[in-house]
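Survey of secondary and tertiary structure
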Amino acid sequence: MAEINPVEKALLLLRELGLTQLTENLIYRLQINSGWTERKTPPNQLCHAPFTIDFGREPFFFFDWLRSTRETKTYIEQADEIVSGQYRPFGDRLSALDFSLPQPLKHWTKYGDTLDGRDIKTYWEPARFIWTIPLCLAYKITEDEKYPETFWRFFSTFIEANPPNLGPNWSSAQEVALRLIPWTMAGQAFEKSQVSTKERKGLLADTIWQHCRRIPSSLNYARSQHNNHWLSEALGLMIGGVHFKDTNQGQYWLKTGIREFESALLTLIDDDGTFSQHSTNYHRMLLDLALIYWRILQIKKEDLAPEIKEKLTAATVWLIGQLDQLSGRVPNLGHNDGTNLLPVGSKEYSDFRPALQAASRAFLDVDLLAVGQWDDLSALFNLRTPTPALTSQVSSATHRIESEQTWASLRVCSFSSRPAHADLLHTELWKDGINLAMDAGTYAYNLPAPWQNALASTLVHNTITIDDCDQFLKAGKFLWLRRVNVQLIEKKDKSISAKIHVRQPVSYEQTRSIILKDPSYFEVTDTIKFSGKESKPIKVSIQWLLPDWKYRLKENALELANGKNRIHLELFAISEHVQTIHGSVSLIRGGETLLGNCVNPIRGWVSKTYLSKDPSLSLAVEFVTEEDLQIKSIWKLQ
């Protein structure tokens, strides 16, 4: 955390977060510290639902499409992994499905970000029950009773290990709420199974009731965060409200959930579709949650309010603008905590096509993509093919230039909410579905140093770093102060340019332009102008995060090769008085220095999902200057 005067920090926090957010957070903290919250959610106090839920009465999900889908093998294979006792945390490698927790259990208010030396998200991930979804699909395909039996067995184990309001799996109301999605699907899919006994169904109803009772005590916190917590917890109340709408409590949950969810949508989505979290992964989470909200409105026989549909339309178009349609991937922008709430329609965690096809049908009334397996998620919500394919929807927040084979994007944002990463003017390059200039991602929030959201730093992004400082002032793991906005200068078919003005600790202006000279030639130009008279030379560094391919460095050029793919990247700088400035070159792979004298453990990594990181090549050139500087990066692709 940055050293900063407490009074100045308080003023900056007020400016950054606003009085409403700070007040909501203060109320929550006072409720926790006073013991009010613990009294409101007493430990180990069992509450029984007023009745067993009839999941088939008003189904959330549809399964008839499974009889005709071409990819049933995928869902059966995924389900069989669960039957064997394994799952894929954060959409990655197989791991044992285990609900063990450090003992003794404490009230949920006593837990923080780590537990027993581990990131708390490692305990939360199996408890999200997302692994239930393949079991539901496989059962609807095969009617094999081993799939519901597996669910009920693990469900019982979870309930025994997590008494009401005790342990880390009750500490986040968002996690409590998100479990209700797969549990609702399981209740519906397995309702007529031979192994779904009256006792098991009753236990599921009791647990959903108990979970919904937990959520309201954290709504102040959820609102104060201005992020996915607010949406998730509101949706959890809606789900419980639909199940128990024949009770006064259920009606209250439903009314409150809809009000909070809609208020969150109107607050968190800018008019251009930008989501407050500035993260492509959390943006997908937003659309997944919105699809379930949309379905709940259908159950209530209501339509989206015009202002809500306008926000969801803009949010869908924004994410479409980030999509590489060939691979289904998007830039790894901002926080990536491994969330994929509805893993239907693709084997790959990083494939955004299912979510975008479904959101396009629900909120744009068009098809984004041609027919493919990604239609399966749409079918789960009974979203049939509407009108001809999407052709002209472009968000004003989409800043990319492209040819048939290649495209480049420029990170341009005017923040109306908290930044996620200090990544302004970060640039991505893609060719034939391959990400050539990459975003490092996130890796971890809560591991020992340096891995506490370290990849949010400017220096690991494809942009300029001045004197090793971030573009904003880092005041906490997720908190940036003195944020900077970008001014878009010009956007044409084959060129784009924008600039930022950073005022401290060195005051400077960075202008970046990208020109697509031909489908295989990009020119990136950075112009650095210093605002004041500096008393000492200034370090100006440029970094490019590249694939882990075979490499060869020749003076100021790096050549990479992987099969038929080739990259030639040349960097040089000029100033007013010096035509060519030679910089200090460093090449780091997976935190290990290959060339140069720079040592930095967080460089040279790319994290595709949470707690997963793979080596990449971080090429950086550092120039020392006492005057304005221009740096050119010439990309030639094959």
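Described in the following lines is the structure provided in the data block. The structure displayed is predicted, hence computed values, not measured ones.

Within the protein one finds 16 helices and 25 strands. The C-alpha atoms of the protein give a radius of gyration of 25 Å, which matches the 26 Å a tight globule of 638 residues would have. Seen through its principal axes, the protein has C-alpha atoms that stretch 80 × 55 × 45 Å. Here the protein holds 638 residues, and 60% of them are scored as buried.

Moving on, we get to the packing of aromatic side chains. Per the counting criterion, the structure on display carries 33 aromatic pairs. For the ring pair Phe60 and Phe61, a centre distance of 6.2 Å and an interplane angle of 40° mean the geometry is tilted. Summarising the burial analysis for this pair, Phe60 and Phe61 share the class buried. Members of the aromatic cluster, connected to one another through ring pairs, are Phe99, Phe129, Trp131, Tyr139, Phe151, Trp152, Phe154, Phe155, Phe158, Trp183 and Phe190. Lying across the ring of Tyr349, Arg284 places its NZ or CZ 5.1 Å from the centre.

Looking now at the pairing of strand β23 (residues 612–615). Relative to β23, strand β22 (residues 605–609) is paired through three bridges, and the arrangement is antiparallel. Of the residues in β23, the one forming a bridge with Thr609 is Ser612. Hairpin geometry of β22 and β23 is characterised by an intervening segment of two residues between the two adjacent antiparallel strands and by a positive phi of about 60° at Leu611.

Another aspect to go through is the side chain of His278. Among the structural elements, His278 can be located in the loop between α12 (248–268) and α13 (280–299). A polar contact is formed between the side chain of His278 and the backbone oxygen of Ser276, at a distance of 3.5 Å. What His278 contacts, discounting residues up to four positions off in sequence, is Leu333, Gly334, Arg411, Cys413, Phe415, Ser417, Arg418, Pro419 and Ala420.

On the basis of which strands lie adjacent, the open sheet formed by eight strands has the order β12-β13-β14-β15-β25-β19-β18-β17 and antiparallel pairing. At either end of the open sheet lies a strand with only one pairing partner, and these are β12 (486–491) and β17 (550–554). Taking each pair of neighbouring strands and ignoring which way they run, the sheet shows an average axis angle of 15°.

What is expected of a backbone is that most residues other than glycine have negative phi and most peptide bonds are trans. With omega at -5°, the peptide bond leading from Gln103 into Pro104 counts as cis. Looking at where Pro104 falls in the secondary structure, it is placed in the loop between β2 (95–96) and β3 (114–115). A cis geometry characterises the amide bond from Ala449 onward to Pro450, with omega recorded as 10°. In this structure, Pro450 sits in the loop between β8 (434–437) and β9 (464–466). The phi dihedral of Leu425 falls on the positive side, at around 65°, and the residue is not glycine. The residue Leu425 is located in the loop between β6 (406–410) and β7 (427–431) in this model. Residue Leu425 is classed as buried on the basis of its relative accessible area of 0%.

Criteria and thresholds
- Along each chain, residue indices are assigned from 1 in the same order as the chain's sequence is written.
- In keeping with the model being predicted, local features are shown solely for residues with a pLDDT of at least 70 and side-chain atom pairs are shown and tallied solely at 80 or more, while totals for entire chains, interfaces and linings include all residues.
- The side-chain numbers reported here are obtained from all heavy atoms of the structure, hydrogens and water having been left aside.
- The secondary structure listing takes helices from DSSP runs of H or I that are at least 4 residues long and strands from runs of E that are at least 2 residues long, numbered from the N terminus.
- For this measure, only C-alpha atoms enter the radius of gyration; the expected value for a globule follows 2.2 Å times N^0.38, where N is the number of residues.
- The buried label applies to any residue whose accessible area, calculated with a 1.4 Å probe on protein chains only, is under 20% of its type's maximum; exposed applies above 50%, and partly exposed to all values in between.
- In this scheme Phe, Tyr and Trp rings, the latter by its six-membered ring, pair at centre separations within 6.5 Å, and the angle between planes marks the pair as stacked below 30 degrees, edge-to-face above 60, and tilted otherwise.
- Geometrically, a charge over a ring is one whose NZ (Lys) or CZ (Arg) sits within 6 Å of the ring centre while staying within 35 degrees of the ring normal.
- A pair of strands is treated as paired once DSSP finds two or more bridges between them.
- Here a polar contact is recorded for every N or O atom pair within 3.5 Å, except that within protein the pair must consist of a potential hydrogen donor and a potential acceptor, and residues adjacent in sequence are included only if both atoms are side-chain atoms.
- Residue contacts are counted whenever heavy atoms from the two residues lie within 4.5 Å of one another.
- Interaxial angles span 0 to 180 degrees and are taken between N-to-C directions of axes, which are lines fitted to C-alpha atoms, for helices over the stretch in contact.

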